[in-house]
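An overview of the molecular structure
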Amino acid sequence: MDVKEAIRQRRSIGKLKQDPIEHALIEEILEAAVWAPNHANTEPWRFWVMSGEGRKLLGRGYAEVAIAEAKSGADAALTEEEEEQLRSTNEKKAMRAPLVIAVAVSPAEKPVVPVIEEYAAVHCAVQNMMLAAHALGLGTIWRTGDPTYHPKMQENFGLSGKEEMVGFVYIGYPEVIPTKAARVPFALKTQWVTE
């Protein structure tokens, strides 16, 4: 698939079939990720490829975040039943696709590379993953939100120091055909500077 075509056609797809994905396709997606641009060749990304029971790693993270948040609220007491319900509901979030790739930034200790640029590189890696998956006939959605950045999620994946999760790429064969999208023409958001 032509890269311009992939860029224009790729859409986030939240409804994915549970059919397994061939290992070779997963490797192609990861290979695309590591070719993202990165300042001073720091390659600041880390990946966790979760399928089958392995998705429980992410499920535990979602559950621990939800329970911690519930316990920190005004009514901090939870019954065992309430905690188990929270755990069950949140663990299911990891099972919405047959494959989930967690992506984290691991900033280099090079003073020449600002941390913001390490995040930019990892975000480019995620975009490469999603474009490669689309070109292979797979659907993706990049899931983030408050639980992604919560200390309990960081702990769940063994992140330390300046490392931080940037999101979870859910991958599978599309269950639905995404609708076409439109964008504001670039001309409305562009200034041409020639002098």
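What you see is a predicted model, and the numbers here were worked out from it, not measured in a lab.

Parameters at a glance
- Within every chain, residues take consecutive numbers counted from 1 along the sequence as written.
- Local features in this predicted model are restricted to residues of pLDDT 70 or higher, and side-chain atom pairs are both shown and tallied only at a pLDDT of 80 or more, whereas totals for entire chains, interfaces and linings draw on every residue.
- Calculated side-chain values reflect all of the structure's heavy atoms, with hydrogen atoms and water omitted.
- Working definition: a ring pair exists when centres of Phe, Tyr or Trp rings (six-membered ring for Trp) sit within 6.5 Å. Plane angles under 30 degrees give stacked, over 60 give edge-to-face, the rest tilted.
- Helix numbers and strand numbers start at the N terminus; a helix is a DSSP run of H or I with at least 4 residues, a strand a run of E with at least 2.
- Between buried and exposed lies partly exposed: a residue is buried under 20% and exposed over 50% of the maximum accessible area for its type, with that area taken using a 1.4 Å probe on protein chains only.
- Buried and open spaces are told apart on a 1 Å grid over the protein atoms alone, a cavity being a set of points where a 1.4 Å probe fits but cannot get out and a pocket being an open set with protein on both sides within 12 Å along at least five of seven lines. Residues with an atom within 4 Å of a point are the lining residues.
- Grid points are joined across faces, edges and corners, and a volume is the space filled by probe spheres set on the points.
- Polar here means any residue outside two lists: the nonpolar Ala, Val, Leu, Ile, Met, Phe, Trp, Tyr, Cys and Pro, and the charged Asp, Glu, Lys and Arg; Gly therefore counts as polar.

1. Some details on the packing of aromatic side chains
Applying the stated criterion across every chain, the model contains three aromatic pairs. Measuring from ring centre to ring centre gives 6.1 Å for phenylalanine 157 and phenylalanine 168, while their planes differ by 35°; the resulting arrangement is tilted. With a gap of 11 residues between them, phenylalanine 157 in the loop between helix 7 (151-156) and strand 4 (164-172) and phenylalanine 168 in strand 4 connect regions that are remote in the sequence. With respect to class, phenylalanine 157 is no different from phenylalanine 168; both count as buried. The rings of Trp48, Tyr62, Phe157 and Phe168 are connected pair by pair, giving a single aromatic cluster.

2. A word on the layout of surface pockets
By volume, the largest pocket is sized at about 460 Å³. If you trace the largest pocket, you find 16 residues lining it, with Ile7, Arg8, Gln9, Arg11 and Ala181 closest to the centre. Within the residue set of the lining of the largest pocket, elements represented by two or more residues are helix 1 (3-9) and helix 5 (115-135). Of the residues in the lining of the largest pocket, the class split is seven nonpolar, four polar and five charged.

3. Looking at the environment of alanine 181
Within the secondary structure, alanine 181 sits in the segment after strand 4. The spacing of alanine 181 and arginine 11 is 170 residues in sequence and 8.1 Å in space, taken between C-alpha atoms.

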